[in-house]
Structures are given as C-alpha cells and as structure tokens.
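# Fold and contact review
In case you want the letters, here they are:
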2 protein chains.
Amino acid sequence: MSETGDELTDRLTEVFDLVGPLYRRAQRKVEQDAPIEGLSVGVRAVLNMLREHGPMTVPQMGRDQALSRQFVQRTTNDAAARGLVEFVPNPAHKKSSLIRLTEAGRAAITAVIDRERAVLRQIGGDLTEAEITACLRVLSRLLRLVDDVDVD
Amino acid sequence: MSETGDELTDRLTEVFDLVGPLYRRAQRKVEQDAPIEGLSVGVRAVLNMLREHGPMTVPQMGRDQALSRQFVQRTTNDAAARGLVEFVPNPAHKKSSLIRLTEAGRAAITAVIDRERAVLRQIGGDLTEAEITACLRVLSRLLRLVDDVDVD
DNA sequence: AGAAAATGACACCTTGGTTGTCATGAATGA
DNA sequence: TCATTCATGACAACCAAGGTGTCATTTTCT
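These notes cover the structure that comes with them. Please read all numbers here as calculations on a predicted model, not as lab measurements.

Scoring rules and cut-offs
Sequence order as written defines the numbering, with residues in each chain counted from 1. As they are written, the chains are lettered A onward and the ligands numbered 1 onward, keeping that order. Totals for whole chains, interfaces and linings use all residues, but because this is a predicted model, local features are given only for residues with pLDDT of at least 70 and pairs of side-chain atoms are given and counted only at 80 or more. As a rule here, side-chain values come from all non-hydrogen atoms in the structure, and water together with hydrogens is ignored. Secondary structure elements are defined from DSSP: runs of H or I of at least 4 residues count as helices, runs of E of at least 2 residues count as strands, and each element is numbered from the N terminus. For every residue, the accessible area (1.4 Å probe, protein chains only) is compared with the maximum for its type, and the residue is labelled buried under 20%, exposed over 50%, or partly exposed between those bounds. Here, two residues are considered to be in contact whenever any of their heavy atoms come within 4.5 Å of each other. Only the protein chains shown count as cover for residues, and all accessible areas are computed by the Shrake-Rupley method using a 1.4 Å probe. Put simply, a nonpolar core is a bunch of buried Ala, Val, Leu, Ile, Met, Phe, Trp, Tyr and Cys residues held in one set by side-chain atoms that sit within 4.5 Å of each other. Nearness is defined per residue: one heavy atom within 4 Å of the molecule or strand is enough. Pairs of N or O atoms within 3.5 Å make up the polar contacts considered here, provided that, within protein, one atom can donate a hydrogen while the other can accept it, and that residues adjacent in sequence are counted only when both atoms are side-chain atoms. A residue counts toward the fit only if its pLDDT is at least 70 in both copies, and the copies are then superposed by least squares on the C-alpha atoms of those residues. By buried area we mean how much accessible surface two parts lose on assembly, using a 1.4 Å probe and totalling the loss over both. Within this document, salt bridges are pairs made up of a side-chain nitrogen of Lys or Arg and a carboxyl oxygen of Asp or Glu, the two lying within 4 Å of each other. Stacked, tilted and edge-to-face are the three classes assigned to paired rings of Phe, Tyr and Trp, where Trp is represented by its six-membered ring and a pair needs centres within 6.5 Å; plane angles under 30 degrees give stacked, over 60 edge-to-face, the rest tilted.

## Notes on the overall build of chain A
Check the secondary structure of chain A and you find six helices and two strands. When each of the 152 residues of chain A is scored for burial, the buried share is 49%. Summarising the internal contacts of chain A: among those between residues at least 6 apart in sequence, 55% fall at separations of at least 24. When the accessible surface of chain A is summed, it comes to about 7,600 Å², and 52% of that surface belongs to carbon and sulfur atoms.

## Some thoughts on the nonpolar core
Core analysis: the largest hydrophobic core is formed by 38 residues, its most contacted members being A:Leu139, A:Leu142, B:Leu139 and B:Leu142. Looking at this core, the elements with two or more residues in it are helix H1 (7-33), helix H5 (103-124) and helix H6 (129-145) of chain A together with helix H1 (7-33), helix H5 (103-124) and helix H6 (129-145) of chain B. Apart from the residues within four sequence positions on either side, A:Leu139 is in contact with A:Val15, B:Val15, B:Leu18, B:Val19, B:Leu22, B:Cys135 and B:Leu139. With 21 residues, the next largest nonpolar core counts B:Leu47, B:Ala79, B:Ile109 and B:Val112 among its residues.

## Details of the protein's contact with DNA strand D
The immediate surroundings of DNA strand D are formed by 26 residues, with A:Arg74, A:Lys94, A:Lys95, B:Arg69 and B:Lys95 found nearest. Among the atoms of DNA strand D close to the protein, meaning within 4 Å, 59% are from sugar or phosphate groups. Within the backbone of A:Ser68, an N or O atom sits 2.8 Å from a phosphate oxygen of DNA strand D. At 3.4 Å from a phosphate oxygen of DNA strand D is found a side-chain nitrogen or oxygen belonging to B:Arg63. For the surface near DNA strand D, the secondary-structure elements that each account for two or more residues are helix H4 (69-81) and strand E2 (93-101) of chain A together with H1, helix H3 (58-65), helix H4 (69-81) and strand E2 (93-101) of chain B.

## Description of the protein's contact with DNA strand C
Neighbouring DNA strand C are 26 residues; A:Arg69, A:Lys95, B:Arg74, B:Lys94 and B:Lys95 lie closest to it. Considering DNA strand C, the proportion of its atoms within 4 Å of the protein that are sugar or phosphate atoms stands at 56%. For DNA strand C, a phosphate oxygen lies 3.0 Å from a polar atom in the side chain of A:Ser96. For DNA strand C, a phosphate oxygen lies 2.9 Å from a polar atom in the side chain of B:Tyr23. Elements represented by at least two residues in the surface near DNA strand C include exactly H1, helix H3 (58-65), H4 and E2 of chain A together with H4 and E2 of chain B.

## What about the relation of the copies chain B and chain A?
Mapping chain B onto chain A leaves a residual RMSD of 0.1 Å; the transformation is a rotation of 180° accompanied by 0.0 Å of translation along its axis. In the structure described here, the two chain copies are related by an operation that fits a two-fold rotation axis. Closest to the rotation axis within chain B is the C-alpha of B:Cys135, separated from it by 2.0 Å. A symmetric contact is evident, with 100% of the interface residues of chain B recurring at the interface of chain A.

## Describing the interface of chain B and chain A
Taken together, the contact pairs 66 residues of chain B with 66 residues of chain A. Between chain B and chain A, a total of about 7,200 Å² is buried, with carbon and sulfur atoms accounting for 64% of that surface. Looking at the side of chain B facing chain A, the largest losses of area belong to B:Leu22, B:Arg25 and B:Arg117, adding up to 10% of the total buried there. Counting the contacts that link chain B with chain A gives six salt bridges.

## What about the packing of aromatic side chains?
For the coordinates displayed, the defined rule picks out one aromatic pair over all chains. Taking 4.2 Å as the distance between ring centres and 20° as the angle between the ring planes, the aromatic pair formed by A:Tyr23 and B:Tyr23 counts as stacked. Of the two residues, A:Tyr23 is situated in helix H1 and B:Tyr23 in helix H1; the pairing between them involves two chains. Owing to a relative accessible area of 15%, B:Tyr23 belongs among the buried residues under this scheme.

It is worth stressing that arrangement in space is one thing and function is another; only the former is reported here.
Structure (structure tokens):
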C-alpha cells in the first residue's frame, strides 16, 4: 500500500466507502418500509423537497438534487397522477408551473418521514450534537467537491 | 412541521438526505473518471474490497457490502474476464475459490484510488481529524442501524 | 424582432442490482 | 453413515433508478 498522502485523506476515503453501503441499504429499507404509501425513492425525494422548500418547479428540483430534469419530470408527473402533488400556475413562468404538495401528498411524506425519524431516534441518543454537526460538515464538503458534475 | 422529536433526530435526517445526492454524484464522478481503466462501480468495489481485505470468496464480499451474492458473482466474473482478478483454490472449500487481485488488477485499482485521493486531498485540509472521526462514527452507527436488511 | 436558452413530452437506453431456478459441493445431525 | 439441509456458482429473467436525445413551445436576452 503506497503511502502517498496524509492521514486525513485516508480517512476521507473511508467516509466515501461507507456512503455506498449505507445508501444502498437505506434505499432497500425505505422501499421495504414505504410500500404502504407506495412511494418510490424518486417520489419520496420529490415530496421531501417540496415539503422542505415549499412549491418549486421541476427544473429547480432537478438542480437541487443533481438529478436530470427529465427524471424529475417523470417522477413528478407520476406523483401528480397519484394525487400527491398538483400543478399550480407559476406567475413567473407560464410553461413551467410550480409543483405543490396536496394534502394527500403531505400526509404521505409526513408519515414516511415520521417513521424514519422514529427509527433514527433509537440510535440518536448515542451520538452527540457535535458529532452530527461534524458529520454534516464533512459530507457537505464532499458533496460540494463532486458538485461540478452537471447533468442535463 | 410537527415537532415530534429531539433536535438530534432532525440532524440525523439531514445526514441521510445528504447521503443520497452524495452517492449518486460520486458514482457519476467515478464512472466519468474511471473509464481509462474501464472499471464499472461494481468492479471498482470488488477490487477495492480485495485490496483492503486481501483474497476473499464471492459470498464474503457480498455480505461485506450488502450486495446480492449473484451480483458480486457476475461482477467478479467480469473482472476475471478482464484479467483483474484470479481464482485461487480455496483449501477450505473446493467449490468456492478465493478471489485474488492480479498484478493488473492491483495496478488498476491503485491508479483509481490514487486519483480519487488526489481529489480528496484538495479539500481535506479544511477538515479536522476530529470531524472526520465523528463523521465516520455517525455513518457507522447509521449503517449498523440499517444493517439487519439481509439480502439473498 | 430575432437568436439563444429553458421547459415539457415522449421514447429509448444503460446499468446497478435483485430474484428465481437448478445443479453441485459442503456441513450437520440423527 | 446416510439423509437432509445449507452454501456456492451458473444462467436467465427481471426491475427500477436514472440518463440521453429529440422536438415543440415558451422565455429570456440583446
């Protein structure tokens, strides 16, 4: 094993290696948990964005999550077909309407999030505020690093 | 937004929300970076496991990364076809051979990792050892939490 | 007003990853 | 020891996440 760099870099690599398994297992966990509401991970992501940021347009969501515009579009249309979101006229843009959560959509995403939070809470006690803050900072930095990949 | 829980849980949710985009963008970054060596993310993962743990069997790798046995098998066969890994007889198990990096395989994965490390190093300076340690701890906890999902 | 960019619709494709089945080789317990 | 059960590998079918390409319409910019 060549000693090319500093210790920190090694540790960062470890972080990266953790993200993969975590993402995959979490995804399975979610889709194994969510079928009651029938939300795919895509729909879940859209609903969650709307829940946090309020109404947004499709391209906005795509940029926000580094997903292709078309993918978000499809997902959004799907969510709309299920009555989870609705298109409201965008004063600033005739063609590109704002996407807003319906009551059903809000109920669905809230239920999912609450269930996830319940699970998260079980382990939260063991971790300190500072640790989580640090984690967020590290992940944000990593995210910003790979952020220049532009899609669409 | 219902105030159902503690602050910590909220922050953990944030962590989770960061893992998704990070995984996706990193994956794209890797596959956009790695084509020189021609490694898919699957092959990359296999080679990296072998690089860190030494020779292992396919099922071992699957369990380690929470991937289905068959997926790892396919990926491994692919890697073998490209001469990146080789099957060495397993004294403890006639049917299940150990998978070992070839010289070419080691060279390939080393090159990839080194390039990644170079990128990582750019931002490493901004983060402290303690922060990364905390991040690793948090992610590990999360990983353990969703760990009971068994595949295959 | 005209050119360039943004949006939506639609179709196609790639690929990461799983599931199922079957045959064979390994472990286990009566 | 033998029968049963479990682990492994091969092969195929399948699914879903997500991207790409194209075209028509709408917006924006100069």
